[in-house]
2 protein chains.
Amino acid sequence: MRYGHFDDAAKEYVIETPATPLPWINYLGNEDFFSLISNTGGGYSFYKDAKLRRITRYRYNNVPADNGSRCYYLSLMDSDSADAKPIETWSPTFLPCKTPLDSYKCCQGIGYTVFEASKRGIESKLTAFVPLHTNAEINRLDVTNTTDEPAVIDVTGSVEWCLWNAVDDSSNFQRNLSTGEVEIERETDATLLYHKTEFKERRNHYAFYGVNAPVVGFDTSRDEFLGQFNGWDTPQVIAEGKAHDSVAHGWFPIAANRVRLELQPGETASLVFMLGYIEVAKDQKWEDPNNPAKVGIINKKPAHELFRRFATVEQVEAALKELNSYWSELLTTYSVDSGDEKLDRMVNIWHQYQCMVTFNMSRSASYYESGMGRGMGFRDSNQDLLGFVHLIPERARERIIDIASTQMEDGSAWHQYQPLTKKGNADIGGGFNDDPLWLVAGVYAYLAETGDVSILTEPVPFNNVEGSEQPLLEHLRRSVNFTITHKGPHGIPLIGRADWNDCLNLNCFSDTPGESFQTVENNDTGVAESVFIGGMFVLYGSQYADILEHYGRLAGMSDAEIASEAANVRAEIGQVSKAVKTAGWDGEWFVRAYDAYSRKVGTHEDTEGQIYIEPQGMCVMAGIGLDDGKAQQALKSVKERLTCDWGTAILAPAYSTYRIELGEISSYPRGYKENGGIFCHNNPWISIANAIAGNDDEAFAVYQRNCPAYVEDKSDVRKVEPYVLF
Amino acid sequence: MRYGHFDDAAKEYVIETPATPLPWINYLGNEDFFSLISNTGGGYSFYKDAKLRRITRYRYNNVPADNGSRCYYLSLMDSDSADAKPIETWSPTFLPCKTPLDSYKCCQGIGYTVFEASKRGIESKLTAFVPLHTNAEINRLDVTNTTDEPAVIDVTGSVEWCLWNAVDDSSNFQRNLSTGEVEIERETDATLLYHKTEFKERRNHYAFYGVNAPVVGFDTSRDEFLGQFNGWDTPQVIAEGKAHDSVAHGWFPIAANRVRLELQPGETASLVFMLGYIEVAKDQKWEDPNNPAKVGIINKKPAHELFRRFATVEQVEAALKELNSYWSELLTTYSVDSGDEKLDRMVNIWHQYQCMVTFNMSRSASYYESGMGRGMGFRDSNQDLLGFVHLIPERARERIIDIASTQMEDGSAWHQYQPLTKKGNADIGGGFNDDPLWLVAGVYAYLAETGDVSILTEPVPFNNVEGSEQPLLEHLRRSVNFTITHKGPHGIPLIGRADWNDCLNLNCFSDTPGESFQTVENNDTGVAESVFIGGMFVLYGSQYADILEHYGRLAGMSDAEIASEAANVRAEIGQVSKAVKTAGWDGEWFVRAYDAYSRKVGTHEDTEGQIYIEPQGMCVMAGIGLDDGKAQQALKSVKERLTCDWGTAILAPAYSTYRIELGEISSYPRGYKENGGIFCHNNPWISIANAIAGNDDEAFAVYQRNCPAYVEDKSDVRKVEPYVLF
């Protein structure tokens, strides 16, 4: 089943029905203000941090799903009188109204989303984007009367406010229901509805939702807007045809602006709605702090300035054009002309766009990540770098310094750090022994792309401790040394709490529900080893040696020092490589690991979990087994044992019972094809490994299996198999 | 506006419309299994702990509100064929269907709830309760055809499963969507749908939702049941008239049973639906662990046993009767015959019921407490004791020991402790200086009610450290000594982080949004004092001296020791009392506190926050000022300055700006009557204080102002003023 198509000229994916298997979303914003937006208008906005500074409310896993975000209602009215009643109401984004539309189209573009709809001869076009350098989402709405009669259309746009902290907002009702505060500014040419909860207290930020037109009414109380028992599909004020002009005190503040359009046949009217976020200096919080009559009235000047920058259609058009130019230029940095339309499309547009989103969001907020959990991953952020370093090298450099600054003195790493404080996340801790090597991977990619060797001598602290600064090259040295000094009985690196697969927990023996598999370490016998990290060490250790040999002199090393250290690292690589080829080889594929009792994990000797995907890709990428047929054999086993139409399974056969010595990996139910889930993350590695091994056709086949451009007709697979999510 | 009435004979509150201002709820369960149930069928169930062991899913602050809990659908079908279509569908609890009913009634009883409804001549009666000593909620549904024609009624009952941990369930979607597992057991006389998510892994508990009848179909996948875009009001399978017999794998598991009733005119059919919770021993988890064909099949024996205990209408009737008898007997422990119908009603039935609910829930789960936050409060649990000690003295004794076991060696206390571990909650910590004295209040009430002096010599540890046990009397001594040794410059007790009012934070100077007012202590100058704790010390210190004098000998003290210590305590009381009467007296009322700069809080010298409620009630209850007119004057000021139709305000005038030296109390927006919110908690104190001062009429008037029996016609006040919530 196909739900849309790529429009390469416009660089858009055009969704042709609101009834996609799940909401299909886009990410708006490039710097500090971000929005998620689905093909039916769902999603939410936040400033910098989806947990601590959420601007609009979103309900994950809700029934009905994906409602109540940006809600737009077009009501065809029966007259232009003050008491006019709606003949019919629909949403230009289909939801929340659910009224069947005569036509519908959602174009998910590069940094913007456009909805085109028609109903009863009234055409609408809603364009949503976050302008460059702007803390606001613009929703431009064009409404055209294509009938032969004049039409009265009431347009209501609404958002629901989140009380800033997304966790508190969804749990601390004893407090929340008493704190909500709003202000209303209704002018003849515009109406701005302000959300200022806790501004009285310690916050110095507020939000607003405005429209560049006079309103016939507004609402800021959700109860008044919706009425009792109603959902967002049928608000009471929409059914009544009239806003209540409600002013929220506590309970549930929202912002809804109602504008009346009177359109002659053929006439188009355009409205600009804006969701804006404002921060003010502490001494600039209030309109007039010395006037008792103005106590509590917020300083709206910065909101006015922001609003006026996009108050006309011309301004909005210019801003969108500027955004388009920004992206066009970014995407010229790298492009291919392969002769394969689909490959070009993905490489030239969508992969790069995806990588930028990853840079911006770092996987912290999506329709599966609630934005309330994790910070930035040490491993993830380094991996992600490989995708965006060519697009935004300056910001990649900054990110590398941020990451390396959280590294510990012994070369180990915090597993996550908080984007706001940039400090290690003590809740998760460290001990994921692959982490340090990813720093080498990230820096190597940065050097290869930019040639900016100055980064190697940049002073970078350990664990953010002032005074502990050492050149970045020293951080890489400690990363590599950490692996060298943490090897197990077979000469293979110790796994610690887990490696790339956070669910393989060989030192955590957990029998308590709810206990974190990632933080409990209660049976560390000091012997559990990871063949995957072995492959990593061979690959990234070698990159480190290359860096040394090329640039060690910049860091003040003598030729002899360089030669000696590089030789030592290469000798270590040789040993690990040999260990992987012997103890790490199961006969037809690479073993996954050795557990806390030094028993093989991922072996044909087992009844389940015989073969794992990760070491096959990583070891071949490291070149292990290219000389003696092991690489080819491992990839053949992957194809035969782990491959299905939707990608590469993480392991096979799936574990039917929980194994306390393996941890979370064995805890998932059996899923698709009786395997333990499909990890699309692995497909690029398998693709690259095949290319390295000379299997170009298979490399391309693996790529195609997961690439949206090639699997458009299978796009509803996500509906039927949760295990394909990752 | 009135929404119902008290039925004293039945001990019920009868709600006559589903459109109450907010859901009006009841609490089912007495031991380990609890349910919240609203007058439209909303709510959820949990086992022991609303956060860690939640059985059914509930969405707080949702749109539409209060949907998706126990959903019952009655569909009048157009035939008895397999392809019959629904003529109309409604809910016997009104929600989620929202179909207007011909008649509706919800009786909130003592431990049970009954819904009576009729539509199209079909009458229904749904009775919900948790039987004694049972981990299950019973929903008995009687359906009667009062028309002259035979009728085919399809009954669908459904619940949505929570994946056990309520916090994870609402945030960790990356994992949750892949873990859901169910089993289906469809027999000729009954159908049980099992929820076994994570049972494969470390859990040894599962849940089931069954009906004592053959089903025409079932669903366990929410997506299949609801269909795309639909809410609980219009599930797809209900609209289609046919279940999909879906089996959930991951995503969103639910349980829906569909039973067909064919009713002749005048005929009644009865169904018993059961939501059950089962724990099994680790070695009893599986049906047949040695049979590979049975891998993953759970041991259902205990579920069958539980289900069979309530599989007939007669069994259900007997269980309900047993529950009624249990309650009737409990309520005979204490009763009044005052001649005032409303007073008798509240004292003899509802106050006692409320106190039992408080014992069971300890305020951890309600429609305002999400069940995801706080544990048991040290202060709260002692206060609550005063209400239920006469009903369940054995369990009160146990609770006292639990609380005292968390006390620190220096007499201070953890502010909260976790009900599962019974250990202090390190996230909140201690330093709430009123806490220790509440232990004296609880123990004194226990002794006064039961005469069980053996509790005083019971060995109780400090901070749960084995080996630290001391007689309970020693704990009381340390409580009192903590206050004696923690006084400020005026001889008034130091407040610490806060006293009874958690929002008065005199040592926390917070200017960072999101920072906890209760745990930050960044400006403790060691001088901030609480007049409220002064009153407490006079009252409960005196109770301690009484205990000593009466029972000190039991604890091995000599008469001389007793006399000496009691005299010392009474001397301290005299000093604190004097300090309260001088430095703690503002001229017309008691001062609230002294801040970190030793400035008065709650004084006419201020422009706002001039008078606070707490010290007025507590000081008069302690007898301070009864001799010199201060008590009468303070109560007069309360009446004039803090009293309104709905109770007693916490302070007046409200703070218009945030004061960093006062903390959260000044952070709330101005609310009703420009005061800082109405704390109904305080009304009992003011009532008692007036009685002590001889103002019987005012004592009763204060009581009446907040007592449901007297304010039935004002019951929608909760809708219009969030500040009245507390």
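About the thresholds
- Every chain's residues receive numbers from 1 upward, in the order its sequence appears when written.
- All chains are assigned letters beginning with A, and all ligands numbers beginning with 1, in the order in which they are written.
- Only residues with pLDDT of 70 or above have their local features reported here, since the model is predicted, and side-chain atom pairs are shown and tallied only from 80 upward, although totals for entire chains, interfaces and linings are computed over all residues.
- To get the side-chain values, all heavy atoms of the structure are used, and hydrogens and water are removed first.
- Two rings from Phe, Tyr or Trp (for Trp, the six-membered ring) form a pair when their centres sit within 6.5 Å of each other. Planes less than 30 degrees apart are called stacked, planes more than 60 degrees apart edge-to-face, and all others tilted.
- The way it works is that DSSP assigns letters per residue, a run of H or I at least four long becomes a helix, a run of E at least two long becomes a strand, and they are numbered from the N terminus.
- Two conditions define a charge located above a ring, namely a distance within 6 Å from the ring centre to NZ of Lys or CZ of Arg, and an angle within 35 degrees of the ring normal.
- Expected span of a helix, by definition, is 1.5 Å for each gap between consecutive residues, and there is one gap fewer than residues.
- Note on exposure labels: buried denotes an accessible area under 20% of the residue type's maximum, exposed denotes more than 50%, and partly exposed covers the range between, all computed with a 1.4 Å probe on protein chains only.
- Any N or O atom pair separated by 3.5 Å or less is treated as a polar contact, with the protein-specific requirement of one donor-capable and one acceptor-capable atom, and with residues adjacent in sequence counted only for side-chain atom pairs.
- Residues qualify for a patch when their relative accessible area is over 30% and they have no salt bridge, like charges being joined within 9 Å and the nonpolar side chains of Val, Leu, Ile, Met, Phe, Trp and Tyr within 5 Å.
- Surface accessibility follows the Shrake-Rupley procedure with a 1.4 Å probe radius. Residue values consider only the protein chains on display as shielding.
- Salt bridge criterion: a side-chain nitrogen from Lys or Arg within 4 Å of a carboxyl oxygen from Asp or Glu.
- Values of pLDDT, ranging from 0 to 100, describe the predictor's confidence in every residue of the model.
- Contacts are assigned to residue pairs that have any heavy atoms within 4.5 Å of one another.
- Once two parts are brought into contact, the accessible area they lose, counted with a 1.4 Å probe and summed over both, makes up the buried area.
- Charged residues are taken to be Asp, Glu, Lys and Arg, nonpolar residues to be Ala, Val, Leu, Ile, Met, Phe, Trp, Tyr, Cys and Pro, and polar residues to be all remaining types, Gly included.

S.K.: Explain the packing of aromatic side chains here, please?
M.R.: The full count for this structure, using the stated rule, is 73 aromatic pairs over all chains. With a centroid separation of 6.0 Å and an interplanar angle of 20°, the aromatic rings of Phe-700 of chain A and Tyr-703 of chain A are classed as stacked. Residue Phe-700 of chain A and its partner Tyr-703 of chain A are located together in helix 17 (residues 696-706), separated by three residues, close to a single helical turn. For the cation-ring pair, Arg-54 of chain A lies above Tyr-44 of chain A, with the distance from its terminal atom to the ring centre recorded as 4.1 Å. Between the NZ or CZ atom of Arg-175 of chain B and the centre of the ring of Tyr-668 of chain A, over which it lies, the distance is 5.2 Å.

S.K.: Please clarify how helix 12 (residues 531-551) of chain A should be interpreted in this entry.
M.R.: Quick reminder: α-helices carry 3.6 residues per turn. Residues three or four places apart thus point the same way. All names here are of chain A. The end-to-end C-alpha distance of helix 12 is 30 Å, a good match for the 30 Å that 21 residues give at a rise of 1.5 Å each. Within helix 12, 16 of the 21 residues are buried, which leaves the element mostly enclosed by the surrounding structure. A distance of 3.2 Å separates the backbone nitrogen of Phe-532 from a side-chain oxygen at the start of helix 12, and that oxygen is part of Ser-530.

S.K.: Help me understand a nonpolar patch on the surface, please; the structure alone is not making it clear to me.
M.R.: A grouping of Leu-626, Ile-688 and Ile-692 of chain A is seen on the molecular surface, where their side chains present a nonpolar patch of about 240 Å² in accessible area. Among the structural elements, Leu-626 of chain A can be located in the loop between helix 14 (614-621) and helix 15 (630-642).

S.K.: I tried to follow the confidence of the model for chain A on my own but got confused; where do I start?
M.R.: For any part of a model where pLDDT is low, the fine detail of the predicted coordinates should not be relied upon. Residue and element names in this part refer to chain A. Here chain A shows a mean pLDDT of 93. Residues at 70 or above account for 96%. Throughout residues 719-726 the model reports pLDDT below 50, and contacts reaching past four residues in sequence, or to other chains, amount to 33 contacts. Overall fold confidence for the complex sits at a pTM of 0.95, while the interface term, ipTM, reaches 0.95.

S.K.: Would you take a moment to explain the interface of chain B and chain A for this structure?
M.R.: Reports often express the size of an interface as the amount of accessible area lost when the parts come together. Each partner contributes residues to the interface: chain B has 70 residues there, and chain A has 70 residues. When the two sides are added together, the surface that chain B and chain A hide from each other amounts to roughly 6300 Å², 56% of it contributed by carbon and sulfur. It is Lys-200, Arg-202 and Phe-229 of chain B in chain B that bury the most area against chain A; as a group they hold 14% of the surface buried on that side. For the pair chain B and chain A, the number of links is four salt bridges. A salt bridge links Arg-175 of chain B to Glu-664 of chain A; its shortest N-O distance comes to 2.7 Å. Counting only elements with at least two residues in the side of chain B that touches chain A, the list comes to helix 2 (173-176), helix 3 (222-226) and helix 18 (717-720) of chain B. Partitioning the side of chain B that touches chain A into residue classes produces 29 nonpolar, 22 polar and 19 charged.

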